[in-house]
Each structure stands twice: as structure tokens, then as C-alpha cells.
Amino acid sequence: MKIKEVIIRHLKMRLKNPFSTSFGTFHDKEFLLLEVKEEKGTIGWGESVAFDAPWYTEETLKTNWHMLEDFIIPLLLNKEIHHPDNITDLLKGIRKNNMAKSAIEGAIWDIYTQQTNQSLAQALGGKKDKIEVGISIGIQETIEKQIEVVDRAIKDGYKRIKVKIKPGRDIEIIRSLREHFPDVPLMADANSAYSLKDVKLLKQLDEFNLTMIEQPLAYDDIIDHAKLQKQIKTPICLDESINSLEDAKKAIELGSCGVINIKIGRVGGITEAKKIHDYCEEKNIPVWCGGMLESGIGRAHNIALTSLSNFVMPGDTAGSNHYWEQDIINPEVVVEDGCILVPQKVGIGYEPNIDIINQYTIATKIYR
Ligand SMILES: O=C(O)CCC(=O)C1=CC=C[C@@H](O)[C@@H]1C(=O)O
Ligand SMILES: [Mg+2]
């Protein structure tokens, strides 16, 4: 295929419920949506998961737009692309900027699967036709409210509950959730809010039988996580620290984690995500698919990826109605009994809803 046109849209979508983490609260999700056209007219869609501020990783929506406009799109326009796996190689001169690369790589996977008449899940070698999913719940104003929101999620059927913790809002919250929900698969995500000075506190979490603790220490660390893992029983899951297959290899070798959260955007695309999945499978490290409050397009990519065999733990892929009044795809992503059916249709399996996309769009630019 040869790419002839890329349309970048900046969308702003109101979240049904504000999402609070150790670094702040979101009311809206602003992101870039990419529409990529190749010479025969096939269109693919990709989503940049970068936020509007650099608190999760260093990338933002604006840095992504700059990287796409000035470097990534010029490198890919009119080039012969035989397979989406080749994108990494074509972009190897650009360091990092994984979310920007991933946004266009996702659209190219979409085009490739349409042209080869298969679903994205099938093209990746996915084995499951149904995936189990969990839900990620932000920090709530009071413990009562936290219990109420978790209770709703359990009643909605989610297979695992993840809650955000931060210093001052940790042991007490987890203790009361455990008292109310003794048997629910529960985990905590700290988004790097602690350091090795907090070992004593983190050790206390062992008594609550959490399925794992996600990214307790620095976003770029694997050494301290290895030291911590030796001192706590709860398995550590790395999120922010894993940006490539190389990172995963090193973290596993050091014993920095027992589980890895794979996010397509964070690792630079579907191809790299699959490589990490395959390596973890070989090393008996379970993985699950993280979320970035994606719209339906990014969510569709996550669902296809999760159909791979070593995604043995429920991911953060909640249904469209958890996030939005109206999602930008048809049909929306539906969770029933904690499961999503993996679409068998050609491509990503969902249709972008152009009218709704236009309603949420606040800026557009076309590149030819
Ligand atoms: O998409 C979802 O529902 C998962 C949301 C979620 O937990 C996260 C999204 C973005 C950044 C973080 O706060 C967090 C995570 O670290 O996994
Ligand atoms: Mg996380």
C-alpha cells in the first residue's frame, strides 16, 4: 500500500464521570484521531492516546501533532508499505514518541486487515472470540462514594476492579474495600506515587490479597521495583516503565515485576505490543491490556490485541457507556457479564461514526 492522505482531527469528549488519579482530575478527554487513506481508497483509523498534559508520560497531544506533521507523516506518505510490521523500521530514525508512532501504525493495521480480508484479531493471531474485562476506577471524594462506585462496577459484571491509590488515600481505602468485597479480584494502581522509603506501607498491602499493585515506584524505574518485589508478596505490575520489548526483557530479567500491563500507545504500536506479549508468554509472565480512556477507535484496537492467548488477566477495557454519552463508533463497545465479544468482521470490526466525530472535533488538518 501507499499512503496518499492523512487527516488529523483534534477531538474533545466529555467524560461521563471525572477520572482522578495521583496526579489530578480529568473532566474531558482530548486526543488526536487519524484518518489515513491509501492509493486504492481504503481508509484506516488510528487514535493517539497522548493526554493534553505530560503527567502520564512525556508525550502530549501537541507533541504528537508536531511529530506527526513534521516527521512521521513525511516519512510515510507515498512510501511502499508491505506490512504494518515494517512501520517500526521506516520510523527508526525517530526516537521515542511512541504514542505518535502508534497512532498512525494503528490506522495502517486497519488498512492492511481490510485489504487482506481479515479481522484485526485474526491478523494478529488472536485465539479468543470473547475477552474478559475489568474496570479502572478513579479516586473518589469519600470512602463511601468509592465503595458505592465499586459496588456498581461489580454489579455491572466487571471481572476485576482496579482502584487508584496515592499517599494518604491508600491503606484505608483498600482495607474498607476488602471488608465490603472480600472475594472480588481487586488491584491498586499508584501511577508512581511512592518510593522505596514507603516499603513499610507498601508491605501492609500484602494483607489484602490484591491481584497486583501497578507501578508503585518511579515511571522510569526497574531497579527499585526489583528491590521492592523482593520485599512484598503482592505481584508488581509494570505500566509506565515498559516502553518497548527491550524494557520488558530487562524488567523480567531483573525480577522487577510479575505482571505487565501492555498499552499499545505507550509501547509504540500494535507490532511492538504483540512482540512484548509473545516474549512474556515464553517467560510465563501474564499480561493484560491497559487503557488510556480511549474512544471507540483505540478501544477496538485494544480488543483485537486482547484476543491473543497470553492476555490471561482482565484488562482496563470497559464498555463505551462507562466513559461516554455517545462513542464515535457503531456499534458501541458492549460489556456483558464482564466480557466483550471480539468482532469477527474484516478490519477493526466497528464503523467510525462520522457525524459524531464531527460533533466532537475542534480542529482538523489534511496532509497529502
Ligand atoms: O482506560 C481506562 O479505563 C483505564 C484508565 C487508567 O487506569 C489509566 C489511564 C491513564 C493513565 C492512568 O491514570 C491510568 C493507568 O495508569 O493505567
Ligand atoms: Mg497504570
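As a convention, each chain's residues are numbered from 1 in the sequence order in which they are written. To label them, take the chains in the order written and letter them from A, then take the ligands in the order written and number them from 1. Totals for whole chains, interfaces and linings use all residues, but because this is a predicted model, local features are given only for residues with pLDDT of at least 70 and pairs of side-chain atoms are given and counted only at 80 or more. Think of the side-chain values as coming from all heavy atoms in the structure, minus any hydrogens and water.

Glancing now at the coordination of the magnesium ion (ligand 2). Donor selection uses N, O and S atoms within 2.8 Å of the metal (3.2 Å for Na, K and Ca). Since no water is included, sites may look incomplete. For the magnesium ion (ligand 2), every protein donor is listed as Asp189 (OD), Glu214 (OE) and Asp239 (OD), and the spread of their distances is 2.2 to 2.3 Å. Here the donor residues for the magnesium ion (ligand 2) map to a single chain with the spacing D-x24-E-x24-D. Residue Asp189 is found in strand β7 (residues 186-189), and its partner Asp239 is found in the loop between β9 (236-238) and α9 (245-254); the two are separated by 50 residues along the sequence. Accessibility here uses a 1.4 Å probe with only protein chains present; expressed as a share of the type maximum, an area under 20% marks a residue as buried, one over 50% as exposed, and anything in between as partly exposed. Under the relative-accessibility criterion, Asp189 is labelled buried at 1%. Judged by its relative accessible area of 0%, Asp239 is buried. Numbering of helices and strands runs from the N terminus; a helix is a DSSP stretch of H or I covering at least four residues, while a strand is a stretch of E covering at least two.

This part takes up helix α12 (residues 296-306). Among the 11 residues in α12, 11 count as buried, and that is most of the element. Residues of α12 that are buried include every one of Gly296, Ile297, Gly298, Arg299, Ala300, His301, Asn302, Ile303, Ala304, Leu305 and Thr306, and no others.

This part is about the domain arrangement of the chain. In terms of domain boundaries, the chain breaks down into domain 1 (3-117 + 353-367) and domain 2 (122-351). Segmentation of the chain into domains, including their bounds, is taken from an automatic or database domain assignment. Using C-alpha coordinates to define each centre, domain 1 is positioned 22 Å away from domain 2. Defined here as a combined quantity, buried area equals the accessible surface (1.4 Å probe) lost by two parts on assembly, summed across both. Between domain 1 and domain 2, the buried area comes to about 3500 Å², and carbon and sulfur atoms account for 63% of it. The salt bridge definition used is simple: a Lys or Arg side-chain nitrogen within 4 Å of an Asp or Glu carboxyl oxygen. At the junction of domain 1 with domain 2, the criterion picks out 0 salt bridges. Elements with a contribution of two residues or more to the side of domain 1 that touches domain 2: β1 (3-21), β2 (24-38), β3 (43-48), α3 (98-115) and α14 (354-360). As a working rule, the residues Ala, Val, Leu, Ile, Met, Phe, Trp, Tyr, Cys and Pro are called nonpolar, Asp, Glu, Lys and Arg charged, and the rest polar, with Gly in that last group. The residue makeup of the side of domain 1 that touches domain 2, split by class, is 18 nonpolar, 14 polar and 8 charged.

All right, on to the nonpolar core then. To form a nonpolar core, buried Ala, Val, Leu, Ile, Met, Phe, Trp, Tyr and Cys residues must be joined to one another through side-chain atoms within 4.5 Å. Counting residues in hydrophobic clusters, the biggest one holds 119 residues, and the most contacted among them are Ile104 and Ile260. In terms of residue count, α3 provides more of this core than any other element does, 9 residues in total. Of the domains in this structure, domain 1 (3-117 + 353-367) and domain 2 (122-351) are the two that each give at least three residues to this core. Contacts between residues were defined by any pair of non-hydrogen atoms, one from each residue, lying within 4.5 Å. Ignoring anything within four residues of it in the chain, the contact list for Ile104 reads Val6, Leu34, Val36, Leu68, Ile72, Ile73 and Leu76. Within the second largest apolar cluster, 5 residues are counted, among which are Met212, Cys237, Val259 and Trp288.

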